[in-house]
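This is what each chain is made of:
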Amino acid sequence: MAGKLLLKGGKGPTSLGVAGGNDFQWCFSQVKGAIDEDVADADIISTVEFNYSGELLATGDKGGRVVIFQHEQESKNRPHLRGEYNVYSTFQSHEPEFDYLKSLEIEEKINKIRWLPQQNAAHFLLSTNDKTIKLWKISERDKRAEGYNLKDEDGRLRDPFRITSLRVPVLMPMDLMVEASPRRIFANAHTYHINSISVNSDHETYLSADDLRINLWHLEITDRSFNIVDIKPANMEELTEVITAAECHPHQCNVFVYSSSKGTIRLCDMRSAALCDRHSKFFEEPEDPSSRSFFSEIISSISDVKFSHSGRYMMTRDYLSVKVWDLNMENRPVETYQVHEYLRSKLCSLYENDCIFDKFECCWNGSDSAIMTGSYNNFFRMFDRNTRRDITLEASRESSKPRATLKPRKVSTGGKRKKDEISVDSLDFNKKILHTAWHPKDNVIAVAATNNLYIFQDKIN
Amino acid sequence: MAGADGDDSLYPIAVLIDELRNEDVQLRLNSIKKLSTIALALGVERTRTELLPFLTDTIYDEDEVLLALAEQLGNFTMLVGGPEYVHCLLPPLESLATVEETVVRDKAVESLRKISQEHSPVDLEVHFEPLVKRLASGDWFTSRTSACGLFSVCYPRVSSTVKAEIRQHFRTLCADDTPMVRRAAASKLGEFSKVLELDYLKSDIISLFTALASDEQDSVRLLAVEACVSIATLLPQEDLETLVMPTLRQAAEDKSWRVRYMVADKFSELQKAVGPEITKNDLVPAFQNLLKDCEAEVRAAAANKVKEFCENLPEDSREQIIMTHILPCVKELVSDTNQHVKSALASVIMGLSTILGKDNTIEHLLPLFLAQLKDECPEVRLNIISNLDCVNEVIGIRQLSQSLLPAIVELAEDAKWRVRLAIIEYMPLLAGQLGVEFFDEKLNTLCMAWLIDHVYAIREAATCNLMKLVEKFGAEWAQNTIVPKVLGMANDPNYLHRMTTLFCINALSEACGQDITTKQMLPVVLKMSTDQVANVRFNVAKSLQKIGPVLDSNALQTEVKPVLEKLATDTDMDVKYFAQEAISVLALA
């Protein structure tokens, strides 16, 4: 039966309604980006983010551009447009720069985009490259002033001595124009590369994290930020750990977490002290001594940390797994999901081709009942937290017919390869899905596969 | 514009109107700033029907243009036809009050507050109050935050039914979903309390105040501390204990250091607002806790208030409270681990001596001053030295001078030039208090050493310092102690030091008077006119110009003029330029 899959160690057919508990399948909605085989480096998508309502979807790329897609209005005669997004605005957020003092090139690549809660008719987002964070305003204009005193309708200049009356311009309707304008530039606060930005629930501050420090900014003040975490040792030779990601709690304005390259997460309370060098909670899973190897530390490094919408849980992604932690339990995660355990035997070659350092991100669905993260070969994985079911899907041009149901994929793990299975050795490690985003309310997901953005939606049976 | 040709007079206005939408922001800004000129030319009728509708829709513009517009509209009443028509200004200000830029919104609110006074009571209810309601129930928090600032201006002038509505709106905004709005409401709570009737103050405001003070967001709670000051001032003394103090006590012990910091920062105001009795019973222990807080930022804020707090204590028990409660905490702060805390304390601690009197100062404070003078952090030592005058009045500076000297010498030789600069600036003050003998004996060498510092800013400050010293100690002292040393530097192999001689002469000539200048300084300057470094030579020209007015005409004609004339034919073009300038300024041509 189409749309059913055999789970790993499967005991018969099961529905694939991963997410929300509903019985549904994922189907193709749209793909954005060029089809060309040779991909320009600047076009590689480096971040994907829905805004709070899900109305807008932003992507950033290595070329420093931000593209914003807007959800297509549903209409009665075209109900299938539910998961369709069209380009709303495109702008160059960052330009390549050169730091003359340190003789360093600063890439224009957009590392992160974060939307601000909407405050008026316009939309605001923060975008950052390695060094500089910018606040952008995206606004609409549908009126234009008409009527000049010194020019006539055709733009010809009038004789200044023949002006006998004054004309006040009047506003006339025009085609909708979307403008993106830079409102603030937060620069010169990071010595190392910025890996995260996160807007605080107090709506007036946000934090930015680099490898060794976390700074707290006021959204309206660009010339000053407060350093709240600094793990730089006095002697850099003693450096054993770097900050890999940081995020503010969704409701408690005083709480934030940051993850480290050692696989640990620290939760800090900004109420207790101005400098949060001492954490309030320390989340760490004891290492299993039997699986210890040369790669243990590398693969335990956390590449992303995300609070659940409820604020009760957080999820961390390391190289091989996703873990869900209850904020009230520090000694081990409450749930652990294997993303691509079959790679454990390939770590040596993944180390040689540097893939082991890939930074996969992860995301929650709107109700925190399912999570999604990426893998190789343009595969991405979803896990249903209630049923513990998981699924592997592929973002590919082949199944990109509108409303085409996504077929579950399966990687053979040793032994003999079954039909429809892909062997570990034939996985394409250049096709990696690092960035994904889940619509805050609906079952609509955006998956960045190199230079293409795939949008999938649910199809209720 | 009477008598002018109609076409002519319209042209500049036409340009201004067209430039309202020029692509260049600066031109648009210029036009907006001359909006009153445009309005005047259009007349009140067209301003109301054409200009204002256009402006209402131009809120796409840059912040600086919008800011200027918001400001202009606050002064537009006469230009739209006087108070009768002032409500025409509400639509553009309403849209400006909803933009995302806080400065623009605040300016729009300020202008709205201003023109609210020009509304008649009827217009206020018909036009202004509905606008406040629209803003208060707007979809976006930007409009709701703006509403918070408008309640207090219309409340006193509307009927009791409308008053009830306004109170209801304020209540709603205090419990808004977004922290932005709650913060805006909290920051206007004090202001709104002032216009409310006492009964409503007790029934409405207190509950809002209590709720905001226990908000889940500490950024809201800390604003409630500010409101606490105004509310406490308004309430009768007997209600304070039950209505305000529980909240204040809670704030002083808040989990969040930012809230406690706010309490420390507002401590003097709070102290005045709650009166002497509550201060004695509640604030003294609270202040002690803040001085011992675990967060350095809080301790520093509290340390800053030590003097003010002690000054404002009720006189009958002041000394006893300071000696038994405050001083022990202060003693601990002197050896705090955080240098900001120590330097905050050092900037106010000297003030305690006037409050405690001679005996207590010598017995209790002096050891602290001495300890701080030896502190490892230069800022702490500087702060003590810069406030020496307070101690001088009470016990005389002699008590300190033995410890003072090593501290000064160390600062004078600090590796950071900004520290050296700071101590130089206190030299004239110190010299005045220590007296000429002590100065000659101990500090004179330092002052001279700064003249050859390798940082220009220090050499410059040292020059200026000499001038102030001469003003204090007189020309005779200068002639004996300073002038010979300064003039000696004219033969220094380093041209920068030779130039310092010239700079000193520039600064000192006036204070030293004609005699010393002509007999001792002038020969040296003239001799330097043959210096091989051009920079020295043109500084000779500049010096001559500077000291010329002090010299008599004979010296000018016979000695200065020939030298300047020779310099005016120098091969270096800067030397020529400054020599010619000196000749013309001194009228020697």
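Please read all numbers here as calculations on a predicted model, not as lab measurements.

## With respect to the overall build of chain A
The number of helices and strands found in chain A is two helices and 34 strands. Rg of the C-alpha trace for chain A: 24 Å, near the compact-globule value of 23 Å for 461 residues, within the 12% margin. If you take every contact in chain A between residues at least 6 apart in sequence, the share linking residues at least 24 apart comes to 55%. Here chain A has roughly 21,700 Å² of accessible surface; of this, 48% comes from carbon and sulfur atoms. The positive charge centre, built from 61 side chains, and the negative charge centre, built from 67, are 5 Å apart in chain A.

## Description of the sheet that holds strand 26 (residues 362-364) of chain A
All names here are of chain A. In spatial order, the strands read 26-27-28-29; together these four strands make up an open sheet with antiparallel pairing. The strands lining the two open edges of the sheet, one partner per strand, are strand 26 and strand 29 (390-394). Neighbour to neighbour, the strand axes of the sheet diverge by 20° on average, direction disregarded. As defined by bridge partners, strand 28 (residues 379-384) adjoins strand 29 across five bridges and the pair is classed as antiparallel. Counterpart to Phe383 in the pairing with strand 29 is Asp390.

## Things to note about the packing of helix 23 (residues 378-386) of chain B against helix 26 (residues 417-434) of chain B
Residues and elements named next belong to chain B. Their axes nearest at 10 Å, the elements helix 23 and helix 26 cross at an angle of 15°. One way to sum up the angle between helix 23 and helix 26 is to call them roughly parallel. The chirality of how helix 23 crosses helix 26 is left-handed. Facing helix 23, whose interface residues are Pro378, Leu382, Ile385 and Ser386, helix 26 presents Val419, Ala422, Ile423, Tyr426, Leu429 and Leu430. By residue class, the composition of the contact of helix 23 with helix 26 is nine nonpolar, one polar and no charged.

## Section: the confidence of the model for chain B
Residues and elements named next belong to chain B. Averaged over chain B, the pLDDT score is 91; the fraction of residues at 70 or greater is 98%. Long-range and interchain partners of residues 1-6, a stretch whose pLDDT sits below 50, account for one contact in this model, where long-range means more than four residues apart. Taken together, the chains of this predicted complex give a pTM of 0.81 and an interface ipTM of 0.80.

## Quick look at the sheet that holds strand 14 (residues 194-199) of chain A
Residues and elements named next belong to chain A. Strand order across the open sheet formed by four strands is 14-15-16-17, with antiparallel pairing between neighbours. For this open sheet the edge positions go to strand 14 and strand 17 (225-230), each flanked by a neighbour on one side alone. Across the sheet, the mean angle separating the axes of adjacent strands is 20° when strand polarity is ignored.

## Some points on the side chain of Gln433 of chain B
Assignment of secondary structure puts Gln433 of chain B in helix 26. Excluding residues that lie within four positions of it along the chain, Gln433 of chain B makes contacts with Leu388, Asp389, Asn392 and Ile397 of chain B.

## Observations regarding the pairing of strand 11 (residues 123-128) of chain A
Residue and element names in this part refer to chain A. The element strand 11 is extensively covered by neighbouring structure, given that six of its six residues are classed as buried. Summarising the sheet, strand 10 (residues 112-115) and strand 11 pair through four bridges and their orientation is antiparallel. From the neighbouring strand, Lys112 faces strand 11, where its bridge partner is Thr128. The turn linking strand 11 back onto strand 12 (residues 133-146) is made up of four residues.

## Description of the side chain of Ser198 of chain A
Residue and element names in this part refer to chain A. Along the chain, Ser198 turns up in strand 14. Judged by relative accessible area, which is 5%, Ser198 ranks as buried. Polar contacts involving the side chain of Ser198 include one to the main-chain amide nitrogen of Cys248, which spans 2.9 Å. Look past the residues within four positions of Ser198 in its chain and what remains in contact with it is Arg114, Tyr206, Leu207, Ala246, Glu247 and Cys248.

## Examining the interface of chain A and chain B
Listed per partner, the contact involves 41 residues of chain A and 40 residues of chain B. Across the interface of chain A and chain B, roughly 3,800 Å² is buried in total on both sides, 52% from carbon and sulfur atoms. On the chain A side of the interface with chain B, the three residues burying the most area are Leu166, Val168 and Arg271 of chain A, jointly 19% of the side's total. Taken together, the connections running from chain A to chain B amount to seven salt bridges. When the shortest N-O distance is used, the salt bridge between Arg183 of chain A and Glu100 of chain B registers 3.3 Å. The interface formed by chain A and chain B contains 22 residue pairs in polar contact (both at pLDDT 80 or more). Listed by contribution, the elements that provide at least two residues to the side of chain A that touches chain B are strand 12 and strand 13 (170-186) of chain A.

## Some remarks on a nonpolar patch on the surface
Side chains of Phe294, Tyr351 and Phe357 of chain A sit close together on the surface and give an oily, nonpolar patch of about 330 Å² of accessible area. A relative accessible area of 58% places Phe294 of chain A in the exposed class.

## Topic: the packing of helix 22 (residues 352-373) of chain B against helix 24 (residues 388-395) of chain B
Residues and elements named next belong to chain B. Contact geometry for helix 22 and helix 24: axes closest at 9 Å, N-to-C directions at 115°. Put simply, helix 22 runs roughly perpendicular to helix 24. Where helix 22 crosses over helix 24, the handedness of that crossing is left-handed. Here helix 22 contributes Ser353, Thr354, Gly357, Lys358, Thr361, Ile362, Leu366 and Phe369 to the contact with helix 24, which in turn contributes Cys390, Val391, Glu393, Val394 and Ile395. Looking at the contact of helix 22 with helix 24 residue by residue, the classes come out as seven nonpolar, four polar and two charged.

Rules used in this analysis
Residues numbered from 1 in each chain as written. Chains lettered and ligands numbered in written order. Predicted model: local features only at pLDDT ≥ 70, side-chain atom pairs only at ≥ 80, totals over all residues. Heavy atoms only, no water. Helix = DSSP H or I, 4+ residues; strand = E, 2+ residues; numbered from the N terminus. Rg over C-alpha atoms; globule rule 2.2 N^0.38 Å. Contact = heavy atoms within 4.5 Å. Areas by Shrake-Rupley, 256 points an atom, 1.4 Å probe, with all protein chains shown as cover. Lys, Arg positive; Asp, Glu negative; His and termini not counted. Charge placed at Lys NZ, Arg CZ, Asp CG, Glu CD. Pairing = 2+ DSSP bridges. Axes fitted to C-alpha atoms, helices over the stretch in contact; angles between N-to-C directions. Parallel < 35°, antiparallel > 145°, perpendicular 65-115°, else oblique. Left-handed = near helix turned anticlockwise from the far one by under 90°. Nonpolar A, V, L, I, M, F, W, Y, C, P; charged D, E, K, R; others polar. pLDDT = per-residue confidence, 0-100. Buried < 20%, exposed > 50% of the residue type's maximum accessible area, 1.4 Å probe, protein only. Polar contact = N/O pair within 3.5 Å; in protein donor to acceptor, adjacent residues only side chain to side chain. Buried area = accessible area lost by both parts, 1.4 Å probe. Salt bridge = Lys/Arg side-chain N within 4 Å of Asp/Glu carboxyl O. Patch = residues over 30% accessible without salt bridge, like charges linked within 9 Å, V, L, I, M, F, W, Y side chains within 5 Å.

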